[in-house]
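# Observations on the model geometry
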Amino acid sequence: MSSTVIEQAVEREEPAAPQKNYLNADHTIKSWLLTGDHKRIAVLYLISVTFFFFLGGIAAAFIRAELTSPMGTLLNSETYNKMFSAHGIIMIFFFLIAAIPAVLGNFLIPLMIGARDLAFPRLNLASWYVFMLGGLLFIIALILGGVDAGWTFYTPLSSLYSQTQITLALVGLFLAGFSSIMTGVNFIATIHKMRAPGMTWFRMPLYVWSHYATSIIAILGTPVVAITLLLVALERGLRIGIFSPELGGDPVLFQHMFWFYSHPAVYIMLLPGMGVISEIMSCFSRRPVFGYKFVAFSSMAIAGLGFLVWGHHMYVSSQSVFQGIIFSLISFLVAVPSAIKVFNWSLTMWKGSVVFSTPMIYALGFLGLFTIGGLTGLYLSAIGTDIHLTGTYFIVAHFHYVMVGGTVMAFLGGLHFWWPKMFGRMYSEFWGRISAIVVFVGFNFTFFPQFILGYLGMPRRYHYYYIAPEWQVYNVLSTAGSTVLGIGFLMPVFYLLKSLKSGPIAGPNPWGATGLEWEAAASPPVTLNFDGIPKVVGPVYNYDAIEDSESFRREQMEKVTK
Amino acid sequence: MNFPIMPPQASEFAPKYDAIFWATSGLTVIFTAMVAILIVILAGKYKRGSKADRSNPSSHNTTLEMLLMGVPTVLGMIIFVWSAVLFIEARTMPKNAQEIFVIGKRWMWHAQHMNGVRENNEITVPLGKPVKLTMISQDVVHAMYLPDFRAQYHVVPGRYTQLHFTATKPGTYKMFCNIHCGTQHSEMVGYVHVLPQAEFDAWMANGGNRYLKTNLTMAEAGKQIWDDKGCGNCHQTLDNERAPSVVGIYGSTRKLTDGTTVEANEDYLRESILRPWNKLTTGYERTMQAYEGVLSEEQVLNLIAYMKSLGQGGTSPDKGIYQQPVKTGRDFPVGRKDPVDIANERASGGASQAHDLRNNP
């Protein structure tokens, strides 16, 4: 495969005895907890975010179970409110924001640009500790009774009225935010200063571009939410009037400050997923990503424009009409770079040699779900149509299409794509494909009915809906779908863990992919990633679809003739 | 089984809204189908090993990219302008509107008409006439959401916000709080009643069918305050997760959160109205508003008289006019049904088994 790209690539024999790699270099617990190796830190993050994903998933299961009946079944309203708050907070702050950057990004960025590690290995480890401390504080807040103000923490409910563990939770989120800033600083420094010889900006995989854009958002946006959360804690603890009119503050100010971060945060969650899709589409189409520069610059455009659209969360919040219309206009503009990406990923298959492996099925699922998620965003960025839909289940469905249909699908696709690189072994391709299809089907059954519920007027965060029992049918459908979705999410846990023990040895490049992480590093990579720093002499995504398809056909013919 | 796909269109704004909603839906379906077809065709045609022509591939085409950016931009701008015009219409308050004032508080809605008629969790409006709601919150941020009118706006503490609509169909429509406001957020719901003008005028003229009697006894005056303030919204016939019942409360022994007990005499009841957080009944949170400075001493006396009339020492009188009215004063004109009962009937599948859902959450 494309040997022109790397001069010093070392082909490896299948080892008789396990060779030294980053996993077996040292076995002590201390060597894991004090590691500076970006790959080990990625594995630590993988364990952490998987834990948080299933914790948030349990909360989601309670919500869906509760909504099968207009009068609820298991919980009282207080507990229900704590459930959806826990679900939102855990999934957003402790899974989505960290999942792709801190796991796959940490593991892959140095490998992809030909560096031995990230620029600041100890900062990288510190980011994991800060993340875990934040997570621990939030879990303590849950054990002490949880929080009931939703993940948006609207004031003055969160600052003066809620009787729950808001302060502790805010401190936890504050810390998680700093973890994200540390990771962002590390990525930017690494991408700027540590690219291998010949790795020019436009030879970087699009995955690296998307992380570059993400990191810029993270370091510019996260401090704002950190300050905002701190101000809520101050108002709560010391009754300093900032957001509460009773103390002389302004509740809408909170919404501006919160969404100034939390809208760009959507792109922190989404852009890395888009990077994953670029890599997968290219590898399994055996073609370069169509319109490389358009895809690269669209990430940067999203990062820039993403900071100018926060007001579209506040069309009916008492901001001025003129302000709302300007935010609406910019929100339409930010849709364009997303649209261009979808078209370019699809066109990547043009004249390619398409292989339907597990990561590819996840990526194709992403394209479908993200398209629906993106287009339903039009209803909400259009200031007129937003009036009736904001705050309803339409919003819930929309952002789950983007966040689960987009980010989680991409995370799972990426995890399946780079799993053999991370752990050196292949998982069951059969079960992989089944899980991708189950997730796709279960997802649509869960969230499509919620679009209809939202248009019918069902407000989000409602525990009881006895006032409108006609909504029950869609809620039951959604809960049934979520059961399928849950099974889909559980399946990879089993076959991926099994692959660690008994999966076939993957070899350095099981997919025949291009890129330094495949062509110049072993699977799993050694602690210092490469034997010598690779030198890049050719373009990125140097695939040959014609050769791939022809050789595949020859193999098939040989099988038949035998 | 019934699969509704559209909420009723009950305002002048609703059909205009639905036009753009379904136009956007059309675009969504077309574009989703385009992407899906593109993916299926490309993935199918260029499946590994297929005999498709793969010669002279290209991985960029600036003209195509411009086209792929241009077409969505133009379509997007059409939707943007259309929706902005609609929004301006929704946010421009008509000059000749009937004014109604709404206060949102956890977890109920107070409405007041210009002539002083008050309603709780209900707003009665005339048919075919523009109505303007001027709203403020007494505590946290709420949102007034009327899906059947396609109308929504936040109700914010510390500032007035406004909302207008013109109802086009007589009937009863749902009203929601649509910003999470705490424990009973999902029960901060109510109804908008649309009456033909003549019926509405009659309803207004007799004070919302409420204050028909003069020379009230103390207990009756207390019941009026009870209804005006919406006390029955939380304090219902039975104890519930919102608040304890006041039926038979006078003279009973109350267990407090700090473990002590106290007899519910006049002093206790007065303190619990004016400063409810001082002596909380066990099992309840500090959710009730303090009425100190809100109610006069005379009003408090009347309220206590009303509570006494509901029974004493833990028992309720077995007969008399006060057996039912502990819930909010839902006094409906003849021929209109209590919407809670309508919801109950729908939920239980028939009037025969109807029971009060609100009291048994």
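Residues numbered from 1 in each chain as written. Chains lettered and ligands numbered in written order. Predicted model: local features only at pLDDT ≥ 70, side-chain atom pairs only at ≥ 80, totals over all residues.

## As for the overall build of chain B
So the rule is basically this: Strands are runs of DSSP state E lasting at least 2 residues, helices are runs of H or I lasting at least 4, and numbering of each runs from the N terminus. By definition, residues are in contact whenever their C-beta atoms, placed on the basis of the backbone, come within 7 Å of each other.
In terms of regular secondary structure, chain B is built from eight helices and 12 strands. Pairs at least 24 residues apart make up 65% of the contacts formed inside chain B by residues separated by at least 6 positions.

## Some thoughts on the overall build of chain A
Stated formally: The globule rule used here is 2.2 Å times the number of residues to the 0.38 power, and the radius of gyration it is set against is calculated over C-alpha atoms. Residue burial here comes from a neighbour count, namely the number of other C-beta atoms, placed from the backbone, that lie within 10 Å of the residue's own C-beta, with 20 or more meaning buried, 12 or fewer meaning exposed, and in between meaning partly exposed.
When its secondary structure is counted, chain A shows 17 helices and zero strands. For 562 residues, the compact-globule estimate of 2.2 N^0.38 gives 24 Å, and chain A sits close to it at 24 Å. Among the 562 residues that make up chain A, the fraction classed as buried is 65%.

## Side note on the sheet that holds strand β2 (residues 108–113) of chain B
Residues and elements named next belong to chain B. Note the cut-off: Strands are labelled as partners when DSSP assigns at least two bridges between them. Throughout, an axis means a line fitted to C-alpha atoms (over the contacting stretch in the case of helices), and angles, computed between N-to-C directions, take values from 0 to 180 degrees.
Ordered in space as β3-β2-β1-β5-β8, the five strands form an open sheet in which the pairing is mixed. Here the strands that pair on one side only, and so sit at the sheet edges, are β3 (118–120) and β8 (161–166). When strand polarity is set aside, the average angle formed by the axes of neighbouring strands in this sheet is 25 degrees. As defined by bridge partners, strand β1 (residues 98–105) adjoins strand β5 (residues 130–137) across seven bridges and the pair is classed as parallel. The partner of G104 across the bridge, within β5, is S137.

## Some thoughts on the interface of chain B and chain A
Put simply, the rule is: Throughout, the ten residues Ala, Val, Leu, Ile, Met, Phe, Trp, Tyr, Cys and Pro are labelled nonpolar, Asp, Glu, Lys and Arg are labelled charged, and all others, Gly among them, are labelled polar.
Taken together, the contact pairs 79 residues of chain B with 85 residues of chain A. When contributions to the side of chain B that touches chain A are tallied by element, the ones reaching two or more residues are α1 (13–45), α2 (62–91), β6 (142–146), β7 (151–155), β9 (171–177) and α8 (339–348) of chain B. Looking at the side of chain B that touches chain A element by element, the count peaks at 16 residues for α2(B). Taken together, the residues of the side of chain B that touches chain A break down into 44 nonpolar, 21 polar and 14 charged.

## Focus: the sheet that holds strand β4 (residues 122–126) of chain B
Residues and elements named next belong to chain B. If you trace the five strands from one edge of the open sheet to the other, you get β4-β10-β9-β6-β7, paired in mixed fashion. With one partner strand each, in any of the chains shown, β4 and β7 form the two edges of the open sheet. Taken over all neighbouring pairs, the strand axes of this sheet differ in orientation by 20 degrees on average, direction set aside. Pairing between β4 and strand β10 (residues 189–195): five bridges, direction parallel.

## Remarks on the confidence of the model for chain B
All names here are of chain B. The line we're drawing: Values of pLDDT, the confidence the predictor places in each residue, fall between 0 and 100.
Put simply, chain B has an average pLDDT of 83, and 84% of its residues get 70 or more. Here residues 317–337 is a poorly scored stretch, pLDDT under 50, and it has 30 contacts once near neighbours within four places are set aside; other chains count. Low pLDDT, under 50, characterises residues 349–361; the predicted model gives this stretch 24 contacts beyond four residues in sequence or across chains. ipTM for the predicted complex: 0.90, alongside a pTM of 0.85.

## A word on the confidence of the model for chain A
In this model, chain A carries a mean pLDDT of 92, and residues with pLDDT of at least 70 account for 97%. Counting contacts from residues 1–13 of chain A, a segment whose pLDDT is below 50, to residues more than four positions away or on other chains yields 29 contacts.

## Comments concerning unusual backbone geometry
The step from S523(A) to P524(A) runs through a cis peptide bond, and the omega angle for that step is -15 degrees. Of note, the amide linkage connecting R106(B) to W107(B) takes the cis form, showing an omega dihedral of -5 degrees. Relative to the elements of secondary structure, W107(B) occurs in the loop between β1 and β2. Phi is positive for R286(A), which is not a glycine, with a value near 50 degrees. Considering the arrangement of structural elements, one finds R286(A) in the loop between α8 (251–285) and α9 (292–305). One non-glycine residue, Y541(A), lies in the positive phi region at around 55 degrees. Topologically, Y541(A) is positioned in the loop between α16 (516–519) and α17 (545–561).

## Examining α9(A)
Going by this rule: To estimate the expected span of a helix, subtract one from its residue number and multiply by 1.5 Å.
Over its 14 residues, α9(A) runs 20 Å from end to end, which matches the ideal 20 Å to within 8%, given 1.5 Å per residue. For α9(A), every residue scored as buried is listed here: Y292(A), F294(A), V295(A), A296(A), S298(A), S299(A), I302(A) and A303(A). On its buried face, α9(A) sits against α7 (206–238), α8 and α10 (321–347) of chain A together with α2 of chain B.

## Observations concerning the pairing of β6(B)
All names here are of chain B. The element β6 is extensively covered by neighbouring structure, given that five of its five residues are classed as buried. Here β6 shows no split at all, with H142, M144 and L146 on one side and A143 and Y145 on the other all buried. Bridging between β6 and β9 involves two bridges; their strand directions are antiparallel. Bridge assignment links M144 to a residue of β9, and that residue is C177.

## Here's the deal with the packing of α7(A) against α8(A)
Angle between the axes and distance between the axes: these two values describe a pair of packed helices. Residues and elements named next belong to chain A. Definition in use: Any angle between 65 and 115 degrees counts as roughly perpendicular, while under 35 counts as roughly parallel, over 145 as roughly antiparallel, and the rest as oblique. Note on convention: the crossing is left-handed when the near helix lies turned anticlockwise from the far helix by less than a right angle, right-handed when the turn is clockwise.
Look at α7 against α8: their axes get within 8 Å of each other, and the N-to-C directions meet at 165 degrees. Classified by the interaxial angle, the pair formed by α7 and α8 is roughly antiparallel. Here α7 and α8 pass one another in a crossing that is left-handed. Residue classes in the contact of α7 with α8 are distributed as 21 nonpolar, nine polar and one charged.

## Some remarks on the domain arrangement of chain B
All names here are of chain B. Operational definition: These domain boundaries are the output of an automatic or database domain assignment.
Domain boundaries assigned for chain B yield domain 1 (1–44 + 66–212) and domain 2 (218–330). A separation of 35 Å is found between the C-alpha centroids of domain 1 and domain 2. Mapped by element, the contributors of at least two residues to the side of domain 1 that touches domain 2 are β2 and β3.

## Quick notes on the environment of G515(A)
Residue and element names in this part refer to chain A. Secondary-structure assignment places G515 in the loop between α15 (472–502) and α16. With 402 residues separating them in the primary sequence, G515 and I113 have C-alpha atoms 8.7 Å apart. Setting aside chain neighbours within four positions, we find G515 in contact with M112 and P205.

## Considerations on the environment of M144(B)
All names here are of chain B. Of note, M144 is situated in strand β6. Put simply, M144 and G104 are 40 residues apart on the chain and 8.5 Å apart in space, counted from C-alpha to C-alpha. Apart from the residues within four sequence positions on either side, M144 is in contact with V102, L133, M135, Q152, Y153, V155 and L163.

## Description of the environment of P156(A)
As for its position among the elements, P156(A) is in the loop between α4 (121–143) and α5 (157–161). A sequence separation of 87 residues divides P156(A) from F243(A), and the C-alpha atoms of the two residues are 6.5 Å apart.

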